[in-house]
Amino acid sequence: MWNWNALASLERVGGYLAGTWDPPAGEDGPGIVGDGSWPPLIGRMAAVALRAAAPGTRVEHREALLAFLESWAATPMADPAARLRTGVARADARAVRDERGATVAITWPSEGRCNVVQVRTGDADPPEFGAPADWVEAARGWGDADQLRRLVALVRERGPMAWDPAAVRLLGAQTGVSRAAATLLVIGDAGGIRTLPPLDPEQRAVFGLSTAEADAGYDELRRLTELDRLELFARVLPEDPAELWEPAGPGALAARIAAAWQTRFGRARQVPEATLAVLAEHTGLTVHTPAAHVCAAFMAPETHPLTGRDHDPWLAEGLGGTYCTSEEQGVRWFQEFLKALTDALPIVYAELPAGDPVRAGLPATVAALRARLDHPGLLLDAGYTARYHESADQLRELFGDRPYVGPIPLKAASFDDGLSIATIAEPSEGCPNPFVRTYFRPARYGDDERSALLRRVASGGAPVRDAVDMLRGDWCARVVERVAGDTLPAGGYEADPALSAPETVARVEKALGVDADAAALYLQLLAIERPSDRRVRLWNGWNAARHRKAAAALVAAGVVVADKRPRAGRGVFLPGDWAKARKPLWPIEVWKANLLGVRRIGDQVWEEQVWRLTLPEMFAHAWELVERGEGPG
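Everything quoted here is computed from the prediction, not taken from an experiment. (Residues numbered from 1 in each chain as written. Predicted model: local features only at pLDDT ≥ 70, side-chain atom pairs only at ≥ 80, totals over all residues. Heavy atoms only, no water.)

*Asks:* Tell me what's going on with the pattern of salt bridges, and back it up with residues and numbers.
*Replies:* Counting across every chain of the model gives 35 salt bridges. The salt bridge partner of Arg372 is Asp310, with a shortest N-O separation of 2.8 Å. Of the two residues, Arg372 sits in helix H15 (residues 362–373) while Asp310 sits in the loop between helix H12 (291–299) and strand E6 (314–318), which places them 62 residues apart along the sequence. Taking relative accessible area as the criterion, Asp310 reaches 32% and is therefore assigned partly exposed. One salt bridge in this structure joins Glu494 and Arg482, with 2.8 Å as the shortest N-O distance. Remark: Arg482 occurs in helix H19 (residues 474–484) and Glu494 occurs in the loop between H19 and helix H20 (497–500); sequence separation between them is twelve residues. For the residue pair Glu494 and Arg482, the accessibility class agrees, reading buried in each case. Salt bridges here are not isolated pairs; linked through shared partners, they connect Glu281, Glu351, Arg534 and Arg535. (Salt bridge = Lys/Arg side-chain N within 4 Å of Asp/Glu carboxyl O. Helix = DSSP H or I, 4+ residues; strand = E, 2+ residues; numbered from the N terminus. Buried < 20%, exposed > 50% of the residue type's maximum accessible area, 1.4 Å probe, protein only.)

Listed below in C-alpha cells is the structure:
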C-alpha cells in the first residue's frame, strides 16, 4: 500500500516532526504514508539498505530502495540524537506541534484511535491529541543519515556488492539453515509472505538455485514475522558501508547475520542438501511444515519445540463453533506437524540412504511422537461426523450425558465419554443446521469399544487420527526395526532390492533367466509407486548405460513394455492398463495401484499409496503374486 507519492509523504512527516515543514492552509498535518506500517523501520533501516546493496536485487527495485533511503536520511528518523517514540492515541487530530516537539498520526482512525509517532525537543512532553497508550521508545541501530547517504553513493558508484558463494556456506554452517535459505538471508530477503514475485531465472542463475530450491528456501523462512526480519538485519551492516565491497565484506556480513540468527533463533544441525531435495518433492508438506522444518525434527526430536514437550490444549468457542486451542497455538502446530511427519515417514524410510542423519533419527522421532500421544492431557481433532449424528439427542445417545469440562465454559452442548468429545451449537437463524465437532484423547484411543464408536461416528476427514493409527501400527513398528537394526550398508537404500531383499532378487533371476540388475529393476517396477529413471539410478548406484541394459533385458524377457508416457519419467512399464493423474499425484499402472492401495476413480488416480508393508515385504509379496499367475498382464 505504498502509493506513488509515498516518499514525498514521508518527507512531509519528517519535516513536520523536525519543524521544517508546515501544512498548507486547510490541512492539519502531513497526512498518512501508505498504510502506516513504516514506524518499525525506525532504527532498523539496515534491512532496507542490505536489499539495496545486495546482488540480485532487480534494477527497478534497487532504485526504489535507494530513493527510499535518501528520503529517510533527511528525516529525524535517521538522526541518532532525535528522541522518538511511538504509541496509540485517541484520534482527536492529525498532528500537533510546539517548541517541546511534535506528535503525528501515522494510521487512519480505527474505533476512535490511531497509531502515532512523537519527537521530543525539550525536557517537557510534547503536545498530544488524546491520551496515548503505552509509549514505546523507538529502536536505535545502524542507519544514521551519514551511513545511509554513504551506502546510497557507494551503490550508485560501484553497483551491488559482489556475490560470494563462500559466504552462503559460512552462514549455513553457523546457523543450520539450508543453502537456499542462507542465500536469501545473505541478500536480505528473509522469507515471509511474498508480495513481490519470487526470484526470476536470471537471479536464480546468479545464486545457483533451482525454482524448487528457491521456493523451499522461502518456505523455510516463512515463519519469521515482519519484526523478526527487521530485527535480524538491524545491526549486521558495518559502521563504514564501504567494507561491504571489500574482498572479505560478504563473508564478514554472513558471519554477522549468522550471529544475529543464533541470538534470535539458536543453532541447528545443517541438513544435507540432497536430503532436503528428496523431502521437498513430497506433496504432504505445506508452507507451515516445509522440508527443512521436518528434517530438523527428525534430526533432533527430543529438543524440538513440538515433538520434545507435551501439549495440554482445551476447547474454546469462536464464530465457527468450538475449536481446540492451547498456549501460543501449540496444539495447532503440533497437529499440523504430526501429519507432516507421518506423511514424510515413508519417504524418510524408503528414499533416504542408510547413515543419513534424518533417516537415522526416525526411530527417536517415532518414540517422541508416541510419547506425546500418550500424554493424558493431549486433545486432538477427531474428524467429521455423518449428517445423521448432527443433533444433540443423537450425540447424547452415542457419547452419554456427561459434558466436557475445561478451563473455559462452553455455550455449545457437549458430550464427553472420556475418550471422545462431541459438541454442537444451538440452531440459530444464521446457522439452522450447526455442525458437530469431535475431538479425542489419543492417550485413551486404541482397540476398545469407545474407539470403535469414534471411528464409526467420525469416519471422514480424520488425518490426525490416521496419523495416530500409523504411528501406533505394526507397519511403523517394523519400519523402526528396519532402520534401528542397521539392515543396510552405509549409503544403501531400502528401495534397492539388491540390498534390502537379495533372496527375492535371486528368485526373480532364476525364474526369468535374467541377471541380478534386471531382476532388481523388475521388482522396483512391480512394487514402487514412482520408479522413475532418475530415482532408480540414485537408489541402485547405476549409470545410464547399466540402467538401459537392465531394462532391455526385461523387455527381451517379455515382462515389461517400452513406451513413452506423460510424467512417468521412465521408458519401461508393466503390461496392462494405465491410470492417469493430475499434479501433485503421479500416474501408475493399474495393477500396481491395486497392489499399493492407490485409490482410483476410473482411470484417474485420486490418492497416494497406503503403506502396509515394508519394502522388502512388498518386493516379496509382488513377486509371489507373479509366481501365482496373478501378476500384471
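*Asks:* Lay out the sheet that holds strand E10 (residues 420–424) with the relevant residues and their values.
*Replies:* The strand order E8-E11-E10-E9 describes an open sheet built from four strands, whose pairing is antiparallel. Only two strands of the sheet have a single partner each, and these edge strands are strand E8 (380–383) and strand E9 (413–416). Taken pair by pair, the neighbouring strands of this sheet meet at an average axis angle of 30 degrees, ignoring direction. Across four bridges, the pairing between E9 and E10 is antiparallel. (Pairing = 2+ DSSP bridges. Axes fitted to C-alpha atoms, helices over the stretch in contact; angles between N-to-C directions.)

*Asks:* An account of unusual backbone geometry is needed here, citing residue identities and associated values.
*Replies:* For the bond running from Lys583 to Pro584, omega is 10 degrees, close enough to zero to count as cis. Checked against the element boundaries, Pro584 lands in the loop between strand E14 (578–579) and strand E15 (588–589). The backbone phi angle of Arg567 is positive, close to 65 degrees, even though this residue is not glycine. By secondary structure assignment, the location of Arg567 is in the loop between strand E12 (561–562) and strand E13 (572–573). Of the residues examined, Arg567 reaches a relative accessible area of 28% and is grouped as partly exposed.

*Asks:* So what's going on with the nonpolar core? Which residues, and what values?
*Replies:* Formed by 97 residues in total, the largest nonpolar core has its most connected members in Leu338, Leu362, Leu380, Phe440 and Tyr522. Per-element accounting of this core gives the leading share, 13 residues, to helix H13 (residues 330–351). Sequence-distant contacts of Tyr522, defined by excluding residues within four places in its chain, comprise Val508, Leu512, Leu554, Val559, Val560, Leu574, Trp623, Val626 and Pro632. Core analysis: the next-biggest nonpolar cluster, separate from the first, contains 75 residues, Leu50, Met77, Leu84 and Ala180 among them. (Core = buried A, V, L, I, M, F, W, Y, C linked by side-chain atoms within 4.5 Å. Contact = heavy atoms within 4.5 Å.)

*Asks:* Outline the sheet that holds strand E2 (residues 95–98), supporting the account with residue identities and numerical values.
*Replies:* An order of E2-E3-E4-E1-E5 is seen for the five strands of this open sheet, with the pairing classed as antiparallel. Sheet topology places E2 and strand E5 (133–137) at the edges, where each strand pairs with a single neighbour. Sheet twist, expressed as the average angle between the axes of neighbouring strands with direction ignored, equals 20 degrees. In the sheet, E2 pairs with strand E3 (residues 101–105) via four bridges, with the strands oriented antiparallel. Note on E3: the bridge partner recorded for Val96 is Thr103.

*Asks:* Describe in detail helix H9 (residues 226–233), supporting the description with residues and values.
*Replies:* Counting along an α-helix, one turn takes 3.6 residues, and residues three or four places apart therefore face a common direction. Residues of H9 that are buried include every one of Asp228, Arg229, Leu230, Leu232 and Phe233, and no others. If you follow the buried residues of H9, they end up packed against helix H2 (46–53), helix H6 (179–186) and helix H10 (249–265).

*Asks:* So what about helix H11 (residues 273–280)? Which residues, and what values?
*Replies:* Thr275, Leu276, Val278 and Leu279 are the residues of H11 that are buried. The buried residues of H11 occupy an angular sector of 160 degrees when the element is viewed end-on, so they sit on one face. Looking at the buried side of H11, the elements it contacts are H12, H13 and helix H14 (357–360). (Arc of directions from axis to C-beta.)

*Asks:* Run through the packing of aromatic side chains, naming residues and quoting values.
*Replies:* Scanning all chains against the criterion turns up ten aromatic pairs. With a centroid separation of 5.9 Å and 80 degrees between ring planes, the pair formed by Phe68 and Trp72 is classed as edge-to-face. Of this pair, Phe68 and Trp72 both sit in helix H3 (residues 59–73), four residues apart, which is roughly one turn of the helix. Residue Phe68 is classed as buried on the basis of its relative accessible area of 10%. By relative accessible area, which is 0% here, Trp72 ends up buried. Between Phe440 and Tyr445, the ring centres sit 5.2 Å apart and the planes meet at 70 degrees, which makes this aromatic pair edge-to-face. Each member of the pair Phe440 and Tyr445 is classed as buried. Cluster of aromatic residues (ring-pair linked, three or more members): Trp38, Phe68 and Trp72. Lying across the ring of Trp333, Arg332 places its NZ or CZ 4.5 Å from the centre. For the cation-ring pair, Arg530 lies above Trp586, with the distance from its terminal atom to the ring centre recorded as 3.8 Å. (Phe/Tyr/Trp six-rings, centres within 6.5 Å; stacked < 30°, edge-to-face > 60°. Lys NZ or Arg CZ within 6 Å of the ring centre and 35° of its normal.)

*Asks:* Tell me about the pairing of strand E1 (residues 83–90), and please be specific about residues and values.
*Replies:* Relative to strand E4 (residues 113–120), E1 is paired through eight bridges, and the arrangement is antiparallel. The residue of E4 that forms the bridge with Arg83 is Arg120. Pairing between E1 and E5: three bridges, direction antiparallel. Residue pairing for E5: Thr86 is matched across the bridge by Val136.

*Asks:* Quick one: what's the story with the packing of helix H5 (residues 165–175) against H10, residue by residue and with numbers?
*Replies:* For the pair H5 and H10, interaxial distance at closest approach is 9 Å and the crossing angle is 20 degrees. Taken together, the axes of H5 and H10 are roughly parallel relative to one another. Every pair of crossing elements has a handedness; the one defined by H5 and H10 is right-handed. Across the interface between the two elements, Ala167, Leu170, Leu171, Gln174 and Thr175 from H5 touch Pro250, Gly251, Ala254, Ala255, Ile257, Ala258, Trp261 and Gln262 from H10. Here the residues of the contact of H5 with H10 are counted per class, giving nine nonpolar, four polar and no charged. (Parallel < 35°, antiparallel > 145°, perpendicular 65-115°, else oblique. Left-handed = near helix turned anticlockwise from the far one by under 90°. Nonpolar A, V, L, I, M, F, W, Y, C, P; charged D, E, K, R; others polar.)

*Asks:* Before we move on, can you summarise the side chain of Arg530 with the specific residues and values?
*Replies:* Checked against the element boundaries, Arg530 lands in the loop between helix H22 (516–527) and helix H23 (533–540). In this structure, Arg530 is buried with no salt-bridge partner, the nearest side chain bearing the opposite charge being Glu281 at 4.1 Å. Once you skip the residues sitting within four places of it in the chain, Arg530 turns out to touch Glu281, Arg535, Trp539 and Trp586. (Lys, Arg positive; Asp, Glu negative; His and termini not counted.)

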